[in-house]
Amino acid sequence: MSGPEDVYVVGCGMHPFGRDESLTGMDMAERAVREALADAGVAWEDIGYAAGGSDVSGKPDTLVGRLGLTGVPFVNVQNGCATGTSTVLAVASALRAGEAWLGLAVGFDKHERGAFHVSAARYGLGDWYAETGMMLTTQFFALKTQRYLYEHGISERALAMVAARAFRNGSQHPLAWRRKPLTEREILDSDEVSPPLTQYMFCSPGQGAAALVLALGDRAFDLCERPVKLASLAFRTRRFGSFEVFSPWLPPGPHHSPSVDAADAAFRTAGIRPADVQVAQLQDTDSGSELIHLAETGLCGHGEQEELLTAGATDPTGRIPVNTDGGCLAGGEPVGASGLRQFHEVVRQLQRRAPGAQVPGAPRVGFTHVYGAPGISACSVLTV
């Protein structure tokens, strides 16, 4: 039963992730938006509220020059890896507040090859900090992973199992970038970047776009045969002592991740338990991050990850399918679009029309999770 303030996804579109030098980031965003509108069976003129996010590829609100000058309110969002999810939060909040009954969220980016170019000033740090090499994220994620494996008795093979599953899933997904499956041995033997993480245990900055059309209340069912309800969406920042991507220290004792807070809030609001989730998207900036986020979001206990991976429990046919589209590892990470890619995949899974490997049966509960620098997290529960 739907309520008057329930928000549903009624359309989704996505430009394939990867690299396409013939298109700009704006071109990709326009294509994703037009696909989402067509999927919902609506026109741009029907959209009453919009939000867009991009890290490096321009001001999203200027898309109105391509889509139509309708006077629609269009909010720009920039929130690290949580940018895409933040656009959904902005639109859903506006719909519930009575701003409109139909809204659109879009995210896009077109990153250059190589590591992310991160400005120290944007994080409240001096230029000297970047000049010493302290703005390179790979080393921080590696140190966090090294500590976590030690504390919970997990082997480095588990990192390779995460990546191997991601590339298997990506090989079956037409919108993924990395389409070649790799063995655990190939992943372990690839060039070491920051111990214990090797080349194929990291995602790459990429290019792509994704968009969603959101509708309020019962009108969603007039547009879509199987609308997907946004049962909850929670966003949290870090507490004192939690891991920070650009900080060289971490307290020796227990620490609290914003992912724990965001996931707990999302599940409580939705009235859903982590054990009820039938398909999940987790931030996998690297293999270690996915391992950690599995436990921080409550999908398993700390130290249980290797057993789950060995049993195939996180495969598309397993008990808790994770990153069925290959995640960031196979898709790359265009920062503004990454969170919306997660929504795109979960929505398609719940509607039983996944572009790649379809979770068997009729999944009814999905979950998304993003984690970004220096320490923010957003989680959502989606249901049908």
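For every chain, the first residue of the written sequence is number 1, and numbering continues from 1 along that sequence. Thresholds applied to this predicted model are a pLDDT of at least 70 for local features of residues and 80 or more for the giving and counting of side-chain atom pairs; totals over whole chains, interfaces and linings are not thresholded and use all residues. As a rule here, side-chain values come from all non-hydrogen atoms in the structure, and water together with hydrogens is ignored.

- Going by what an unreviewed UniProt entry lists, the chain is known as Thiolase family protein and is assigned to Streptomyces tuirus.

### Quick word on the sheet that holds strand 3 (residues 74–77)
Consideration 1: Two strands are counted as paired when DSSP detects at least two bridges linking them. To qualify as a helix, a DSSP run of H or I must reach at least 4 residues; to qualify as a strand, a run of E must reach at least 2; elements of each kind are numbered from the N terminus. Pairing is mixed in the open sheet, where nine strands are placed in the order 3-2-4-7-1-8-11-10-9. The sheet is open, and its two borders are formed by strand 3 and strand 9 (279–281), each paired with just one other strand. For this sheet the average axis-to-axis angle between neighbouring strands, irrespective of direction, equals 20°.
Consideration 2: Bridge count for strand 4 (residues 102–110) against strand 7 (residues 207–216) is nine bridges, and the pairing is antiparallel. Among the inter-strand pairings, G103 is bridged to a residue of strand 7, identified as L214. Axis lines are fitted to C-alpha atoms, over the contacting stretch for helices. Their N-to-C directions set the angle, which ranges from 0 to 180 degrees.

### Some thoughts on the domain arrangement of the chain
Consideration 1: Per the domain assignment, the segments making up the chain are domain 1 (7–113 + 208–223) and domain 2 (136–203 + 228–383).
Consideration 2: Taking the mean C-alpha position of each, domain 1 and domain 2 sit 24 Å from one another.
Consideration 3: Here, two residues are considered to be in contact whenever any of their heavy atoms come within 4.5 Å of each other. Every contact between the two is made by 38 residues of domain 1 and, on the other side, 30 residues of domain 2.
Consideration 4: Both faces considered, domain 1 and domain 2 share a buried interface measuring about 2800 Å² in area, 70% of it formed by carbon and sulfur atoms.
Consideration 5: Three residues, F17, C81 and T85, lead the burial of domain 1 against domain 2; their summed loss comes to 26% of the area buried on that side.
Consideration 6: Put simply, a salt bridge is a Lys or Arg side-chain nitrogen that is within 4 Å of an Asp or Glu carboxyl oxygen. Taken together, the connections running from domain 1 to domain 2 amount to one salt bridge.
Consideration 7: Within 3.5 Å is the distance limit for a polar contact, defined as a pair of N or O atoms, with the added protein rule that one can donate a hydrogen and the other accept it, and that residues adjacent in sequence qualify only through two side-chain atoms. Linking domain 1 to domain 2 there are six residue pairs in polar contact (both at pLDDT 80 or more).
Consideration 8: The set of elements that each furnish at least two residues to the side of domain 1 that touches domain 2 consists of strand 1 (7–18), helix 1 (25–40), helix 3 (83–96), strand 4 and strand 7.
Consideration 9: Residues are sorted three ways: Asp, Glu, Lys and Arg are charged, Ala, Val, Leu, Ile, Met, Phe, Trp, Tyr, Cys and Pro are nonpolar, and all the rest, Gly among them, are polar. Split into classes, the residues belonging to the side of domain 1 that touches domain 2 amount to 18 nonpolar, 14 polar and six charged. Domain extents, as shown, originate in an automatic or database domain assignment. Two parts placed together each lose some accessible area; with a 1.4 Å probe, that loss summed over both constitutes the buried area.

### Some details on the UniProt feature "domain: Thiolase C-terminal" (unreviewed entry) in the chain
Consideration 1: Cross-referencing UniProt, the feature "domain: Thiolase C-terminal" (unreviewed entry) maps to residues 259–381 in the present numbering.
Consideration 2: Helix makes up 40% of residues 259–381 and strand 14%, whereas the separation of the span's terminal C-alpha atoms amounts to 14 Å. UniProt positions are given in the numbering used here, feature names are shortened, and annotations may be inferred rather than shown by experiment.

### Quick word on the pattern of salt bridges
Pairs can form between side chains of opposite charge once their charged atoms are near each other.
Consideration 1: Overall, the coordinates contain 18 salt bridges when judged by the stated rule.
Consideration 2: A salt bridge links K59 to D61, with the shortest nitrogen-to-oxygen separation between them at 2.7 Å.
Consideration 3: You can call D61 partly exposed: its relative accessible area is 21%.
Consideration 4: As a salt-bridge pair, E151 and R147 come within 3.0 Å of each other at their nearest N and O atoms. Of this pair, E151 and R147 both sit in helix 5 (residues 137–152), four residues apart, which is roughly one turn of that helix.
Consideration 5: In this structure, a network of salt bridges that share partners links the residues D27, E30, R34 and R66. The buried label applies to any residue whose accessible area, calculated with a 1.4 Å probe on protein chains only, is under 20% of its type's maximum; exposed applies above 50%, and partly exposed to all values in between.

### Examining the packing of aromatic side chains
Aromatic rings in a pair are described by how distant their centres are and how their planes are angled relative to each other.
Consideration 1: Each pair of aromatic rings taken from Phe, Tyr and Trp, with Trp reduced to its six-membered ring, is defined by centres within 6.5 Å and is described as stacked if the planes are under 30 degrees apart, edge-to-face if over 60, and tilted in the remaining cases. Enumeration over the complete set of coordinates arrives at eight aromatic pairs.
Consideration 2: Ring geometry for F141 versus F243: centroids 6.2 Å apart, planes at 45°, classification tilted. One end of the pair, F141, is in helix 5; the other, F243, is in the loop between strand 8 (228–237) and helix 9 (258–270), with 102 residues separating them in the sequence. For the pair shown, F141 and F243 are each scored as buried.
Consideration 3: Consider the rings of F240 and W249, whose centres lie 6.3 Å apart with planes at 50°: the pair is tilted.
Consideration 4: A residue is classified by how much of its surface remains accessible, and F240, at 78% relative accessible area, is exposed.
Consideration 5: By relative accessible area, which is 49% here, W249 ends up partly exposed.
Consideration 6: Here a set of aromatic residues connected by ring pairs shows up, and it is made of Y123, F140 and F246.
Consideration 7: Remark: a charge is flagged as sitting over a ring if the NZ atom of Lys or the CZ atom of Arg is within 6 Å of the ring centre and within 35 degrees of the ring normal. The ring of Y371 has K144 sitting right over it, with the charged end atom 4.9 Å from the ring centre.

### A short note on the nonpolar core
Consideration 1: Residue types Ala, Val, Leu, Ile, Met, Phe, Trp, Tyr and Cys, when buried and joined through side-chain atoms within 4.5 Å, form a set referred to as a nonpolar core. Formed by 46 residues in total, the largest nonpolar core has its most connected members in I187, F267, V277, L291, L299, F367 and V381.
Consideration 2: The greatest single-element share of this core, amounting to nine residues, is contributed by helix 6 (residues 157–171).
Consideration 3: Look past the residues within four positions of F267 in its chain and what remains in contact with it is I272, R273, P274, V277, T297, F367 and V381.
Consideration 4: Y49, L95, L214 and A337 belong to the second-largest nonpolar core, a separate cluster that totals 32 residues.

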